[in-house]
Amino acid sequence: MSFMDPDHPSSSSCNRDWFFPSPSFIHSTHPIPSSRTLKPPKKFYSSARRSGSQKISYSLEPPLSQKPNPILPLDNRYGGIRRRIDFDRTRDKMQRSDDETFNSTPTEKKNLLEEKTTRIVGRLKSCFRWNRRNLVFPVIITIFFYLLRKNFILQGQVKDLEEQILILKLRLQECNLPGSVHNINSNAEESFISTESLRTSALIFSLLLLSTPFLIFKYIDYVSKTRRSSKEVSLNKQLEYHVDVFLSVHPYTKPLALLIATLLLIFIGGVALFGVTDDGLADCLWLSWTYVASSGNHADSEGIGPRLVSVSISFGGMLIFAMMLGLVSDAISEKLDSLRKGKSEVVESSHTLILGWSEKLGTLLNQLVIANESLGGGTVVVMAERDKEEMELDIAKMEFDFRGTSVICRSGNPCILADLKKVSVSKARAIIVLAEDGNADQSDARALRTVLSLTGVKEGLRGHIVVELSDLDNEVLVKLVGGELVETVVAHDVIGRLMIQCARQPGLAQIWEDILGFENCEFYIKRWPGLDGMCFEDVLISFADAIPCGVKSVACGGKIILNPDDSYVLQEGDEVLVIAEDDDTYAPTTLPMVWRGNPQKDLMVQKLHEKILFCGWRRDMEDMIMVLDAFLAPESELWMFNEVPENDRVKKLTDGGLDFDRLMNITLVHREGNAVIRRNLESLPLETFDSILILADESVEDSAIQADSRSLATLLLIRDIQAKRLPYSKETPVHREAFSKVSWMGEMQQASDKSVIISEILDPRTKNLLSMSKISDYVLSNELVSMALAMVAEDRQINDVLEELFAEEGNEMHIRQANLYLHEEEELNFFEVLLRARQRKEIVIGYRLANAERAVINPPNKSERRNWSSKDAFVVIAEKE
């Protein structure tokens, strides 16, 4: 045995080829080693490794001179083997690593062994992952091409048979057309060949189109894997991000992509069908659409190719229609959800928009409904940060007749312009901003932000803004921001002054309910050209169904003059302010014949000092004290009974702007205690007070029910203590019954027997308890504020009238005794009483008879004469005394 030279011709084959020896060598006397124990000589292997040789070859054949003829047949009975082994660089590196391992320490040997094991295991895992992930797709492609090849074979057989049939048909025609048979045959063969090539090209083109997405995904996956080691974001994440952004920005992308996918499926399917069938391209495209639209249309397909293509198209059609159903279902659900949550846009104009939600909303809606009844109904839109279904449920619980008015609720933030546009804020004829229940400063701050948002509407506002504020100090800032568009109604200020007026004149609260609400009579301003040139005294008796109260003067820049002088002459452009039932129920008539007469001049209203008690604490206490000081006579006393310590009271009043040195008519008396504890109330001289005001305490004003419960408890305790301290033992039962029917003004005059108590009520349901008990007058604060808001929303000019009637100076409502204008049992009509009151510069707007429970404002039949009693009372507008 000799080793072969690497350059020898016999060694030109592959390094690991197997060679069979010649028979002469097999019959030699040399022993034949086994292929499993075949090794190179040890000394040669060592010398080769030292010399850096990369390949070592050895052979079991004789030298070239002794090599027999290779053409001779071989005897298979012998197992002679010739093998050539190459030792490459990897083997050298492994050998060197073995030597290093042999010469290293035990710890290093252990580390090297662990590294080798980890490397081998990792390679095995990567191979396993690659095989598991990439083995499925090749198998599917192999099966697909096998079936496709089978289809081509069968289709080729069919085409051969068709060609033979065509040739036979042509031969049958040789008898008639012997010269054209060859041309027809050649043309048929050419057309057949061109059609076959076209169908093959169509099939290949469809396969390329189908494989394009897989190639793109593979490329994206490959690029993403190459970027894993670097800090750069992978390509697939970038594509996912851009697709997500594109779908978010363009809402109609999903249905458009679905449409494109459907068209591509129809096109690819039609081309594939054209490649595997004999139909035309147009017919194949139509068949592809039928397979996409209905998965059962491919049942009549024959052949493996057409069936395979039709099944694939039907499967794609099922996926597309499933996605289409999902998109349609999501779109319908999203639309219904947006309608349920109040996210859809309101397409209205000339509607009333209410921003915010509070306990005043029910009364406000009721007043707006009544105001729109004469117009056949209207539209009121409410937007608040509440769920639409909850708002609609709460409105349904109010149980009042909408009378043709539609109330639409929307959920949104009034401070966001997008939400304001959703309710057509630019087309609204009036916008009401309600104050939130809770902290006054926070509520007014939110109202200010809402006004800022409203003034920022690009389209502009058609109507005016009515803002409910909780603190008078914030009114200037809101008007500064809103400008001429804003009308403010300070709820606390209005109610506080109204309570003071009602405490001095019991029954005035009912009159204000009739005037502010739209159910009875209210203020209207309108121009009447026929009254130009008339003095105001004649204008007073020119309306049979209304009572003039003032004039909107052009000469004064559109200012409303309430209760003007009789000598005022109406000019061109002046408008008349009246109290009427509705704006279309009155008109001027001819002047009636009225006997003026003279009132009793010996009876004059004199101001007497009074003693008043405040139970509870309000935020605007300093404003009420200043108003009361302007109304009361000198040497009057104001007792303040609440749980606030005296030092804290003084600090709060001083911080609110009250100057104690400027109080000219009243003296403050402080008492500390709880108004719902009897022993604390018994420490007060309750029987000596002319008027007692039970205020909704600041600590519980956030809850209307809790505040009213506290007020009712205080009222019952005070009435019980007064009844025990001032018993009516000298009165007979008959006299007690007569006393119950005495005039409502008589209760105020009998201060020694019973005080006038005014309770501030927040919840309208509490009104029924007080009206049935008849133990106290009341001021329904939330309801009156809602009425004022509704009235100003209908006509913003009315706000100037209300501000003057509630202000410290100017005109206000008064209740006068009848003996100031007439004699006992004197027979007069209402026009005559009206002219007699003008001699005192007062305007009579109504009356209340001695045996009646309610006053009559703007009475009908003003020309009807009646006998008046001195116990009757008249409601007038007069200057503050």
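See above for the structure.
Please read all numbers here as calculations on a predicted model, not as lab measurements.

S.K.: How do you make sense of the overall build of the protein when you look at a structure like this?
M.R.: A tally of regular secondary structure across the protein gives 28 helices and 24 strands. Of all 881 residues assigned to the protein, the portion counted as buried reaches 43%. Long-range contacts, defined here as pairs at least 24 residues apart, represent 75% of the contacts in the protein between residues at least 6 apart.

S.K.: Help me understand the side chain of Ser691, please; the structure alone is not making it clear to me.
M.R.: Among the structural elements, Ser691 can be located in strand β16 (residues 691-694). Within the structure, the side chain of Ser691 is placed 2.9 Å from the backbone oxygen of Ala503, a separation counted as a polar contact.

S.K.: Explain the pairing of strand β14 (residues 636-642) to me, please; I cannot follow it from the model alone.
M.R.: Along a regular strand, successive side chains alternate from one face of the sheet to the other. Counting buried residues in β14 gives 6 out of 7 residues, a clear majority hidden from the surface. Where strand β13 (residues 611-615) lies against β14, 5 bridges are found, and the strand directions are parallel. Bridge pairing links Leu613 to Trp639 in β14. Taken together, β13, helix α19 (residues 621-631) and β14 constitute a β-α-β crossover, and its handedness is right-handed. Handedness of the crossover joining β14 and strand β15 (residues 666-672) through helix α20 (residues 646-655) is recorded here as right-handed.

S.K.: Help me understand the sheet that holds strand β19 (residues 811-817) in this model?
M.R.: Hydrogen bonds between backbone atoms are what pair the strands of a sheet, whose relative direction is either parallel or antiparallel. A sheet is described by the order of its strands in space; here 4 strands give the open sequence β19-β24-β21-β22, paired in antiparallel fashion. Each edge of the open sheet is held by one strand with a lone partner, namely β19 and β22 (856-857). Relative to strand β24 (residues 873-879), β19 is paired through 7 bridges, and the arrangement is antiparallel. Looking at the pairing, His814 lines up with Val876 of β24.

S.K.: I would appreciate a short explanation of the environment of Ala282 in the present structure.
M.R.: Position of Ala282 among the secondary structure elements: in helix α9 (residues 281-293). What makes Ala282 exposed here is its relative accessible area of 58%. Between the C-alpha atom of Ala282 and that of Gly270, which follows or precedes it by 12 residues, the distance is 8.0 Å.

S.K.: Explain helix α17 (residues 508-516) to me, please; I cannot follow it from the model alone.
M.R.: Residue pairs three or four apart in sequence face the same way in an α-helix, which turns once every 3.6 residues. Counting buried residues along α17, 9 of its 9 residues qualify, which places the element largely inside the surrounding structure. Of all the positions in α17, only Leu508, Ala509, Gln510, Ile511, Trp512, Glu513, Asp514, Ile515 and Leu516 are classed as buried.

S.K.: Please clarify how the sheet that holds strand β11 (residues 559-562) should be interpreted in this entry.
M.R.: In spatial order, the strands read β9-β12-β10-β11; together these 4 strands make up an open sheet with antiparallel pairing. Bordering the open sheet on either side are β9 (522-526) and β11, each of which pairs with just one other strand. Taken pair by pair, the neighbouring strands of this sheet meet at an average axis angle of 30 degrees, ignoring direction. When β9 meets strand β12 (residues 575-580), the two strands line up antiparallel, connected through 5 bridges. Looking across to β12, one finds that Ile525 is bridged to Leu577. Here helix α27 (residues 798-806) sits on the sheet in contact with β9, β11 and β12, set at roughly 45 degrees to β11.

S.K.: Just to check I follow, could you spell out the packing of helix α16 (residues 491-504) against α17 for this structure?
M.R.: Packed helices, taken two at a time, are described by the angle between their axes plus the distance between the axes. At a minimum axis distance of 8 Å, the contact between α16 and α17 shows a crossing angle of 130 degrees. Between α16 and α17, the angle is such that the two are oblique. Every residue of α17 that contacts α16 at Leu498, Gln501 and Cys502 is listed here: Leu508, Ala509 and Trp512. In terms of residue class, the contact of α16 with α17 is made up of 5 nonpolar, 1 polar and no charged.

S.K.: Just to check I follow, could you spell out the packing of aromatic side chains for this structure?
M.R.: Where two aromatic rings form a pair, the distance of their centres and the angle of their planes describe that pair. Under the definition given, this model contains 9 aromatic pairs. Between Trp512 and Phe806, the aromatic rings sit 4.6 Å apart at their centres with planes inclined by 25 degrees, giving stacked as the arrangement. With Trp512 in helix α17 and Phe806 in helix α27, the pair connects residues that are 294 residues apart, well separated along the chain. Using a relative accessible area of 0% as the deciding quantity, one classes Trp512 as buried. On the numbers, 5.2 Å between centres and 85 degrees between planes, the contact of Tyr847 with Trp868 is edge-to-face. Here Trp868 lies in the loop between β23 (865-867) and β24 and Tyr847 lies in strand β21 (residues 843-848), a separation of 21 residues in the sequence. Given a relative accessible area of 1%, Trp868 falls into the buried group.

S.K.: Got a minute to help me understand a nonpolar patch on the surface in this structure?
M.R.: Taken together, the side chains of Leu256, Leu259, Ile260, Leu263 and Leu264 make up a nonpolar region of the molecular surface, amounting to roughly 480 Å² of accessible area. Relative to the assigned elements, Leu263 resides in helix α8 (residues 253-276).

S.K.: Which parts of the structure should I look at to understand unusual backbone geometry?
M.R.: Glycine aside, the phi torsion of most residues is negative, and most peptide linkages are trans. Of note, the phi angle at Arg403 is positive, near 55 degrees, even though the residue is not glycine. Structurally, Arg403 is set in the loop between α12 (388-397) and β5 (406-411).

S.K.: It is not clear to me how the pattern of salt bridges should be interpreted in this structure. Could you clarify?
M.R.: Evaluation of the coordinates by the stated rule reveals 27 salt bridges. The salt bridge involving Lys479 is made with Glu803; its shortest N-O contact spans 4.0 Å. Pair noted here: Lys479 is in helix α15 (residues 475-482) and Glu803 is in helix α27, with a separation of 324 residues, a long-range link.

Calculation rules
Residues numbered from 1 in each chain as written. Predicted model: local features only at pLDDT ≥ 70, side-chain atom pairs only at ≥ 80, totals over all residues. Heavy atoms only, no water. Helix = DSSP H or I, 4+ residues; strand = E, 2+ residues; numbered from the N terminus. Buried < 20%, exposed > 50% of the residue type's maximum accessible area, 1.4 Å probe, protein only. Contact = heavy atoms within 4.5 Å. Polar contact = N/O pair within 3.5 Å; in protein donor to acceptor, adjacent residues only side chain to side chain. Pairing = 2+ DSSP bridges. Right-handed = clockwise from strand over helix to strand, strands pointing away. Axes fitted to C-alpha atoms, helices over the stretch in contact; angles between N-to-C directions. Parallel < 35°, antiparallel > 145°, perpendicular 65-115°, else oblique. Nonpolar A, V, L, I, M, F, W, Y, C, P; charged D, E, K, R; others polar. Phe/Tyr/Trp six-rings, centres within 6.5 Å; stacked < 30°, edge-to-face > 60°. Patch = residues over 30% accessible without salt bridge, like charges linked within 9 Å, V, L, I, M, F, W, Y side chains within 5 Å. Areas by Shrake-Rupley, 256 points an atom, 1.4 Å probe, with all protein chains shown as cover. Salt bridge = Lys/Arg side-chain N within 4 Å of Asp/Glu carboxyl O.

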